[in-house]
Amino acid sequence: MRREIPMAITTISGIIMIIVFFVPRWKDWSDILYTWFLVISGFALILGAGSLLLVNLDKISRRSPGWGYNVVLLISLIATAGLGIFGGINPGSSFYYIFLYVFTPLSATMFSLLAFYIASAAFRAFKAKTFEAGLLLFTAFIVMIGRVPLGEIIWEKIPLLNMVSISKVVEDWIMGCFNAAGQRAIMLGASIGIISVSLKILLGIERSYLGGGD
Amino acid sequence: MTDNTETKTGAKANIIDILKNVDRRYIFLFILLAVIIPILFPLNLPIGTSAPVRNIYDFVEDLPEGSVILMSFDYSPSTEIELDPAAEALLRHAFRKKHKVIGIALWPMGLSQAQRVFAKIEKEFPEVEQGKDYVNLGYKAGGSVILMGLKEGFAKIFPTDDKDTPIADLPLMNKVKDISNVDLVVSLSAGVPGIKEYVAIVNTQFGKPVAGACTAVSAPEMYTFLDSGQLLGLMGGLKGAAEYEQLLQKPGNASLGMDAQSIVHIVIVLFIIFSNVVYFMDEHQKKQAALK
């Protein structure tokens, strides 16, 4: 029953949503499900926090390598959540102070490091080893140059090339034509995959979302 | 004679090996300098504008006074360097044109991002009042389901604003009951849920005009929606925000950052060219050695 009941809920909910999409008269049914979804989403946050707590406590109790980081994570989690719940999250609150002066600079720093790693990775890996790789390299050059003002100035100085605006080359041709066509193909493929998986879930063939193997 | 040739070939191979295995810390140093120097000594490079950005600007410009714009803050601090300038420029434009703005967030940290952006831009417009000219309804978990619920009404999903004021006490929300009262929706998005969900639900199902601002890395994905007309405009990365600032004739952080981004892009292109030259020299040498 531990598997049958969730499977039944999934199948019934899924079928209701499909029916309501085509028969708007029964929209009230989907409204009830949407409300349920909102409530469950709220609980999912609690579940996530609980899971984080258990995993980290386990690592700390076993003194796993780097367990000190788990302690820092738990202290940060409890302190931030506690300050937010009891002190509020509006400007002027302790939570907001942590957000502004701890979380924001740390997150921005982590993301900024990408620029350095991208440069290093491009130097090591971006080689025109084949015709296709060369084509990709050439396109990347044009996009990188075309997306910055200095690149536009350089492009204007190159004879023949300057007959066409680099902005037009990047926006209309590369991004709007080749890129959009490729993206659309990927999106259609992914959508067909999603439909296929959704059907398998509704029919009870795909059960991995229930966890614990089959 | 043979010894000399071998010595020369050996020395060349050595140089190529050194060039092939440049310590990445030198690359990091170049990138660091490429970022810092233009910030300390701005080049003030001219910034051109592109059609996807102009489309948003023109749409906001042409909206009648008092129109309602929904801004969705779907990002967190890690991407604020690209999306905060876009949010600020758009909000500045909306307040300048005396439009009403509703802020919501599909990402948990979007609430605080919105608070910060509203607080900053509000100072430039003393006549603007929270509750009357703009509201920040905050974050709600649920992604696509939240967007579906916007058709049923804001009050159902967001019973209070970020300061716990009941939605019924907010003068702006007494006029704006649901998504049908909104004239433009802009998702400032760093991922999922974000622009794609707004396109699929708010534009395709509810027929509302949707525009977006996203990180440069995710901008290529959005061109298919621009092409289909489901997205009326797009501010892609810092460049998109800088273009909007130029259209507003109020350069801000994005315009300032474009100098650094320009130099970094050129430095990376030069690095790639250099590494390819070394690669082809190495390949040539290997072929020569194989022939011998």
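Everything below is about the structure shown above.
The present account deals with the structure reproduced in this document. (Residues numbered from 1 in each chain as written. Chains lettered and ligands numbered in written order. Predicted model: local features only at pLDDT ≥ 70, side-chain atom pairs only at ≥ 80, totals over all residues. Heavy atoms only, no water.)

1. Considerations on the packing of helix 3 (residues 67–87) of chain A against helix 4 (residues 94–125) of chain A
All names here are of chain A. Contact geometry of helix 3 with helix 4 gives a least axis separation of 8 Å together with a crossing angle of 135°. By the angle class used here, helix 3 and helix 4 are oblique. Counted together, T80, L83 and G84 of helix 3 and S94, F95 and I98 of helix 4 form the full contact between these two elements. For the contact of helix 3 with helix 4, the class distribution of residues is three nonpolar, three polar and no charged. (Axes fitted to C-alpha atoms, helices over the stretch in contact; angles between N-to-C directions. Helix = DSSP H or I, 4+ residues; strand = E, 2+ residues; numbered from the N terminus. Parallel < 35°, antiparallel > 145°, perpendicular 65-115°, else oblique. Contact = heavy atoms within 4.5 Å. Nonpolar A, V, L, I, M, F, W, Y, C, P; charged D, E, K, R; others polar.)

2. Comments concerning the interface of chain A and chain B
Contacts between the two partners involve 51 residues from chain A and, on the opposite side, 62 residues from chain B. Contact with chain B buries surface across chain A, with F116(A), F123(A) and R147(A) losing the most and accounting together for 13% of the total. Linking chain A with chain B are two salt bridges, by the criterion used here. Of the charged contacts, one joins K239(B) and E152(A) as a salt bridge, the two residues approaching to 3.6 Å between their closest N and O atoms. For the pair chain A and chain B, the number of links is 13 residue pairs in polar contact (both at pLDDT 80 or more). Every element with two or more residues in the side of chain A that touches chain B is listed here: helix 2 (27–61), helix 4, helix 5 (131–146), helix 6 (149–157) and helix 7 (166–202) of chain A. Taken together, the residues that form the side of chain A that touches chain B break down as 32 nonpolar, 10 polar and nine charged. (Buried area = accessible area lost by both parts, 1.4 Å probe. Salt bridge = Lys/Arg side-chain N within 4 Å of Asp/Glu carboxyl O. Polar contact = N/O pair within 3.5 Å; in protein donor to acceptor, adjacent residues only side chain to side chain.)

3. Describing the sheet that holds strand 5 (residues 210–214) of chain B
Strand pairing in a sheet relies on backbone hydrogen bonds. The paired strands run either parallel or antiparallel. Residue and element names in this part refer to chain B. The parallel open sheet is built from six strands, whose spatial order is 3-2-1-4-5-6. One side of each edge strand has no neighbouring strand; the edge strands of this open sheet are strand 3 (134–139) and strand 6 (234–236). Each strand axis lies, on average, 15° off the axis of its neighbour in the sheet, ignoring direction. Taken together, the six bridges between strand 1 (residues 68–74) and strand 4 (residues 184–189) define a ladder with parallel strand orientation. If you follow M71 over to strand 4, its bridge partner there is V186. Most of the contacts of helix 9 (residues 195–203) go to strand 5, to which it runs at about 175°, and overall it touches strand 1, strand 2 (100–105), strand 4, strand 5 and strand 6. Across the sheet, helix 11 (residues 237–248) touches strand 5 and strand 6, and the angle it forms with strand 6 is around 125°. (Pairing = 2+ DSSP bridges.)

4. A word on the packing of aromatic side chains
Residues and elements named next belong to chain B. Scanning all chains against the criterion turns up 17 aromatic pairs over all chains. Taken together, a centroid distance of 6.3 Å and an interplanar angle of 35° make the contact between F73 and Y75 tilted. Summarising the aromatic geometry, the rings of F95 and Y134 are spaced 5.8 Å apart at their centres and angled 50° between planes, so their arrangement reads as tilted. Of the two residues, F95 is situated in helix 4 (residues 80–96) and Y134 in strand 3; the sequence distance between them amounts to 39 residues. The same class applies to F95 and to Y134, which are both buried. (Phe/Tyr/Trp six-rings, centres within 6.5 Å; stacked < 30°, edge-to-face > 60°. Buried < 20%, exposed > 50% of the residue type's maximum accessible area, 1.4 Å probe, protein only.)

5. Concerning empty space enclosed by the protein
Evaluated as defined, the whole model comprises one cavity of 30 Å³ or more. Its boundaries defined by the atoms lining it, the largest cavity holds a volume of some 40 Å³. R147(A), E171(A), S50(B), P52(B), V53(B), Y223(B), L234(B), G236(B), G240(B) and E243(B) together form the lining of the largest cavity. Breaking the lining of the largest cavity down by element, the ones donating at least two residues are helix 3 (51–62), strand 6 and helix 11 of chain B. A breakdown of the residues in the lining of the largest cavity according to their chemical character gives four nonpolar, three polar and three charged. (1 Å grid on protein atoms, 1.4 Å probe; cavity = no way out; pocket = protein on both sides within 12 Å on 5 of 7 lines; lining within 4 Å. Points joined across faces, edges and corners; volume = space filled by probe spheres on them.)

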